[in-house]
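Descriptive analysis of the structure
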Amino acid sequence: MKVTKNPLHNKKLQFLPDDGEASYLVDTKANILATTATAGNAGFASDTLEMFIANGTVWEKVPFKLIPESATPNMGYLPSEGDNIGFSPTYVSNKTLSNIKIGYSSSNLGTGSLRITTAGNLEVYLNDVWNKIVMNFVFLEDSDNNYTFEHQPIGFTSYIEVMSGNSINNLGLNGLPIVQQYRVDMGAYPSRNVLGGRSF
Amino acid sequence: MATYYIATTGDDSTGDGSSALPWLTISKAYTESSGSDTIYIKDGTYDWITQTFEKSLYIKAVNDGSVIFDGGGTTRPWINNNNSIFIEITGIEFKNGATTGGWSFKWHKNDSDYYCKFTNCIFHDLYSISGVENDGGIWTVNAGGYFYFDSCLFYDLHCVDNTANNSWAGIITGRGSNTEFSSCSLYFNESGLNSFKYLTVSQNVATVCILKNTIIQNDGDAIARISGGTAGYTITPTYTCQNGNWTTNSCETGTGNITTDPLFVDTTLANFELQLDSPCVSSGTLL
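First, a word on scope: everything that follows refers to the structure included in this document. (Residues numbered from 1 in each chain as written. Chains lettered and ligands numbered in written order. Predicted model: local features only at pLDDT ≥ 70, side-chain atom pairs only at ≥ 80, totals over all residues.)

**Regarding the overall build of chain B**
We count it as follows: The helix count covers DSSP runs of H or I at least four residues long, the strand count covers runs of E at least two residues long, and both are numbered beginning at the N terminus. Here a residue counts as buried when 20 or more other C-beta atoms sit within 10 Å of its C-beta, as exposed when there are 12 or fewer, and as partly exposed otherwise, the C-beta atoms being derived from the backbone. We call two residues in contact whenever the C-beta atoms placed from their backbones are within 7 Å.
In terms of regular secondary structure, chain B is built from 1 helix and 27 strands. Counting every position in chain B, which comprises 287 residues, the buried fraction comes to 50%. Of the contacts formed within chain B by residues at least 6 apart in sequence, a portion of 71% connects residues at least 24 apart.

Structure representation (C-alpha cells):
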C-alpha cells in the first residue's frame, strides 16, 4: 500500500491500494460519501468522527461513535446518545426502551420488578410480595355525573359493569343486558334475572 | 364523519338532513352522505325500496325497535355492491318482502374484503322464490365477506316451494363467506315442504358459519336443513339451541349446545321472550 496525499484535497491522507487492496480515506463526511463506493473501501470522517464502509453500491455507516476515554464510562453496550440522566434514583430517565419482553421469574428480584406468571398474570414486586396488575378495567363518568366501573373479560367484546355484572351497553331486543350478573342466555331476548329469596 | 337524519315527516327537497329538518328517504340520505357517515332514522314506518350501498355507512334507529321498513309484499332489496366497505345497521325492523320471492338483502361482492353487521334488528315475513338458486330472504355470500348478526330476531321466513330440491331458504350464508350469529333467535314454522334450507352455509365454495348463544327452532312439520350445498362447509355452534324438525342437528354435539325446546313465551304472537323455565336461560357464554 502506498501512502500519499489525497490529490483532490491536498492536506488529507489517502491510502491508495495496490491491486486487490481496498483504500482507506480520511476526509470530510461529504467528500467520502461523494466518492465511488467500491466494495471494501473504508473512510473516516474527520469532521463528524464517523466511520463508513462501502458495499459496492453505497457507503454505509458503521454503527458506533467515538467517545473520549474515561475512567467513569456510561453503563450499557453502546455509548448513550443522550446525557447520562436516568442512571440514578434521583433522576427521571430520558431513555427509551423498545421491544422489551417481560418473562417469567421465580425470584424475588426487588421492588419494582415485573414478571408474567405461567398463569398469564402480569405482576409487579412491591412491599415484598408479587402483586397482580389488573387489566381491562375502566372507570367512566357520564354527562349526569354517574359513575360506572366496568371490566372487559379477556375475549369478550363488551364491557361489563362490575357491581351488577351487567353488560349495560350491550342490550338484547327487549332492552335488557345481554349479560346479567355475569350470566348469559341464549337468543335475542335476555330473560329478566330473578333474585332468589331467602326464608325467615 | 357527518351525521344525518331521516323521518317520516321529513322532506327530501326542503330538508337539510339535520335533526330539525330531516330528509324523508334513505336514498336521499345515502346520496348526500360520504363514507363512514351516520344516518339516524327517527321513529316510524318507512317504505322499503331498493337501495344499493357502495360506501361505508352506519345506519341506526334513533330508538331501537321503533323504526320499521315495510316492503308491503313488493319490496326490492337493499344491496351491498362494493369492495372494502362496511355497513352497520342497528335497531331496525324489516318486514314483508316480495311474496313472489327474491332476496330482501343481497350482500355480495366477489373476492372482496367487506363486512356487514346487523345489531338489534328484526327480520320477518321474507320469502324465497321457487327453484331458484342464489335466492333467499337474506343472502350473504362470497369470499372475503364477513357478516355479523348480534341480538337479531328472524321469524316467518318462507320457502315458496321446493321444486327440484333447490329452494334456498330464508337465510343463505355461502360461497366462501364468513357469518356469525351471536345472541340471535331464529324461528321457522313451515308446513308441507321437506328438505328446504332455512340456513344454508355452502354454495359451491367452502363456507364458515358460527353460531353462539343463539336459538334456532323449526316448529313446523316440514323437515328443514340447516345446511347444504355442494362444497364443504363448517358450521360451528357453541352454547346454541337447535330444536325441531331438521335433517341434521348440529347441536347434538359441541360445547354448551342443547336440542330441547327453547320455550319461547308465545310464538303465535311473535313473542320470543324466554319462559322462566326455558333451558336457554343462563345457558350461554360470556366469550
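**Points about the interface of chain B and chain A**
Threshold: The classification used treats Ala, Val, Leu, Ile, Met, Phe, Trp, Tyr, Cys and Pro as nonpolar, Asp, Glu, Lys and Arg as charged, and all other residues, Gly among them, as polar.
Of the residues lining the interface, 28 residues belong to chain B; the matching set on chain A comes to 17 residues. With 3 residues, strand E27 (residues 271-274) of chain B is the largest single contributor of residues to the side of chain B that touches chain A. A breakdown of the residues in the side of chain B that touches chain A according to their chemical character gives 15 nonpolar, 12 polar and 1 charged.

**A word on the environment of Cys 280 of chain B**
Within the secondary structure layout, Cys 280 of chain B lies in the segment after E27. Taking the C-beta count within 10 Å as the criterion, Cys 280 of chain B has 29 such neighbours and is therefore assigned buried. The spatial distance from the C-alpha of Cys 280 of chain B to the C-alpha of Tyr 46 of chain B is 34 Å, given a sequence separation of 234 residues. When near neighbours in sequence (up to four residues on either side) are disregarded, Cys 280 of chain B contacts Asp 185, Met 186 and Gly 187 of chain A together with Ile 215, Cys 241, Pro 262 and Leu 274 of chain B.

**As for unusual backbone geometry**
At Leu 49 of chain A, a residue that is not glycine, the phi angle is positive and equals roughly 55 degrees. Within the element layout of this structure, Leu 49 of chain A appears in the loop between strand E4 (42-45) and strand E5 (50-54). With 11 C-beta atoms packed within 10 Å, Leu 49 of chain A lands in the exposed category. At Asp 156 of chain B, a residue that is not glycine, the phi angle is positive and equals roughly 50 degrees. Positionally, Asp 156 of chain B belongs in strand E15 (residues 153-159).

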